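Chains, contacts and geometry: an overview
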Amino acid sequence: MVRLPLTPEEVERGQRLGALLRLARGERSMLDTALAARVSPETLRKIETGRVATPAFPTIAAIADVLGLSLDAVWTEISQPECGVGPIDSRHYARERLAS
């Protein structure tokens, strides 16, 4: 089975997802969060850095649950493209979300 390349929109959505999860995780360690969600720390790291732009739904559901995020809120946040910007800088995205 051949996997099609991701669209730029999918890549950006993955970057927004990673930024959102990092922001929600706050000071909690990546290891503690991953273990509580029953995913590997490497999987969480890849999602948070945007290297896995389209993670499996059960993975995101488990991480969101551990972080106290509703799936509706996650979808709302990541499906809102930033107006007029190229690839998302997750540090900027997180600062903007903290300010609002």
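Residues numbered from 1 in each chain as written. Predicted model: local features only at pLDDT ≥ 70, side-chain atom pairs only at ≥ 80, totals over all residues. Heavy atoms only, no water.

**Let's talk about the environment of Thr49**
Along the chain, Thr49 turns up in the loop between helix H3 (41-48) and helix H4 (57-67). Taking the C-alpha atoms as reference points, Thr49 and Arg22, separated by 27 residues in sequence, lie 8.9 Å from one another. In this structure the side chain of Thr49 is engaged in a polar contact, spanning 3.3 Å, whose partner is the backbone oxygen of Lys46. (Helix = DSSP H or I, 4+ residues; strand = E, 2+ residues; numbered from the N terminus. Polar contact = N/O pair within 3.5 Å; in protein donor to acceptor, adjacent residues only side chain to side chain.)

**Observations regarding the confidence of the model for the protein**
Summing up the model confidence of the protein, the mean pLDDT is 84 and the portion of residues at 70 or higher is 81%. Contacts from residues 83-95, a stretch scored under 50 in pLDDT, to residues over four places away or in other chains number 16 contacts. (pLDDT = per-residue confidence, 0-100. Contact = heavy atoms within 4.5 Å.)

**With respect to the packing of helix H2 (residues 30-37) against H3**
Following both chains from N to C, one finds H2 and H3 inclined at 110 degrees, their axes separated by 8 Å at the closest point. In this view, H2 runs roughly perpendicular relative to H3, as classed from their interaxial angle. Crossing handedness for the pair H2 and H3: right-handed. Contacts from Met30, Leu31, Thr33 and Ala34 in H2 reach Pro41, Leu44, Arg45 and Glu48 in H3. (Axes fitted to C-alpha atoms, helices over the stretch in contact; angles between N-to-C directions. Parallel < 35°, antiparallel > 145°, perpendicular 65-115°, else oblique. Left-handed = near helix turned anticlockwise from the far one by under 90°.)

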